[in-house]
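Fold and contact review
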Amino acid sequence: MNYREEILKLKKDKNAVILAHYYQIAEIQDIADYVGDSLGLSQKAAESEADIIVFAGVHFMAETAKILSPSTKVLLPDLEAGCSLADSCPPDEFSAFKEKHKDHIVISYINCSAAIKTMSDVICTSGNAKQIVESFPKEQNIIFAPDKNLGGYINSISGRNMVLWDGTCEVHDILNTEAIINLKIEHPDAKLVAHPECKAQVLELADYVGSTTAMLNFTAYDDAKKYIVATETGILHQMRKNSPEKEFIIVPTDETCSCNDCPYMKLNTMEKLYSCMLDEKPEIILDNNIIEMAKKPINKMLDISRKLNLIK
Ligand code: 13P
Ligand code: SF4
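Description of the structure in this document.

Scoring rules and cut-offs
- Residues numbered from 1 in each chain as written.
- Chains lettered and ligands numbered in written order.
- Predicted model: local features only at pLDDT ≥ 70, side-chain atom pairs only at ≥ 80, totals over all residues.
- Heavy atoms only, no water.
- Core = buried A, V, L, I, M, F, W, Y, C linked by side-chain atoms within 4.5 Å.
- Buried < 20%, exposed > 50% of the residue type's maximum accessible area, 1.4 Å probe, protein only.
- Contact = heavy atoms within 4.5 Å.
- Pairing = 2+ DSSP bridges.
- Helix = DSSP H or I, 4+ residues; strand = E, 2+ residues; numbered from the N terminus.
- Polar contact = N/O pair within 3.5 Å; in protein donor to acceptor, adjacent residues only side chain to side chain.

1. Let's talk about the nonpolar core
In this structure, Val 54, Ile 107, Ala 230, Met 239, Leu 273, Met 277 and Met 301 are the most contacted members of the largest nonpolar core, which totals 99 residues. Those residues within four positions of Ala 230 in sequence are excluded, and the remaining contacts are His 172, Leu 175, Ile 180, Leu 192, Val 193, Ala 194, His 195, Cys 198, Val 202 and Val 251. The next biggest cluster of nonpolar side chains, apart from the first, holds ten residues, and it includes Phe 94, Phe 97, Ala 145 and Trp 165.

Structural data, given as structure tokens:
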């Protein structure tokens, strides 16, 4: 079966839109109506006028799309496509943590469940975390959840002292500092770009730290010819498309595994994308109360981002 052709037909017949994250396999990125980072994808979901949003990404992203577009049918090709970071923050434990820090507001990274979003004052993504944090006065007490690497990085560049939930992304957190140093020695002319979910030791070595979209823009407009890339492998597809004349070297975890393929993102395949569009399932279903409560902190993030011209 020619999945590409069949998916395009279904997309037209059903007035569906395909939103894909940069960590999807190349064929899915190439068939999507929009490919982006978490911030761009949530904005597209909020603006969507399609009857169906097919989310080629992970569960928290499709859930966010449903919260922002509750009357739209939202499909996720594989319901098992979770996220280790979202899973590292169980709602009951987080609620107890909040109780211990009663005078703190909560800023949550979008990589969390809808239940955690309902307990948050504002959401952020890696594309706007610094600006969202800095939109609050310095004296404001803040809990940052669930990524301690991103939270620690924002503390270090903004001089804040946010209390951090102890969660990490299993893909970024194991990127190997020693391998990066060796690659830097081997390629002294290469710049290191890193996602802020990486450990502090990796971020300290980086020439540029940013979200997937920010790294893509940096490598497209910067004048170096070679980059060492510390994030998930899917990003290489757009980097190479945008800058075919440049060389991109992905940071290995070790010689025996390509552990920086996100196992959840990579559950989506063209075949699953096709069947989910054909059968219109699996569908994301959320309780209306959760939608109403989770929408507030996400919309607050989108409002702040628009005011600061981070999105249009
Ligand atoms: P972005 O905000 O850069 O899209 O990152 C999302 C993500 O899951 C990174 O692991
Ligand atoms: Fe979650 Fe990490 Fe995969 Fe991103 S790369 S979806 S944070 S497990």
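Back to the write-up after that little detour.
2. What about the sheet that holds strand β7 (residues 142-145)?
Taken in spatial order, the four strands make up an open sheet running β6-β5-β7-β8, and their pairing is parallel. Of all the strands in the sheet, just β6 (122-124) and β8 (163-164) have a single pairing partner and so form its edges. Pairing geometry for strand β5 (residues 105-109) and β7, over four bridges, is parallel. Its bridge partner being in β7, Val 106 is matched across the sheet by Ile 143.

3. Considerations on helix α9 (residues 148-158)
Taken together, the buried positions of α9 are Asn 149, Leu 150, Gly 151, Tyr 153, Ile 154, Asn 155 and Ser 158. One side-chain oxygen of the residue at the start of α9 lies 3.0 Å from the amide nitrogen of Asn 149, identifying that residue as Asp 147. Just downstream of α9 lies Gly 159, where phi reads positive at about 65 degrees.

Read these as layout, nothing more, since geometry by itself doesn't imply function.
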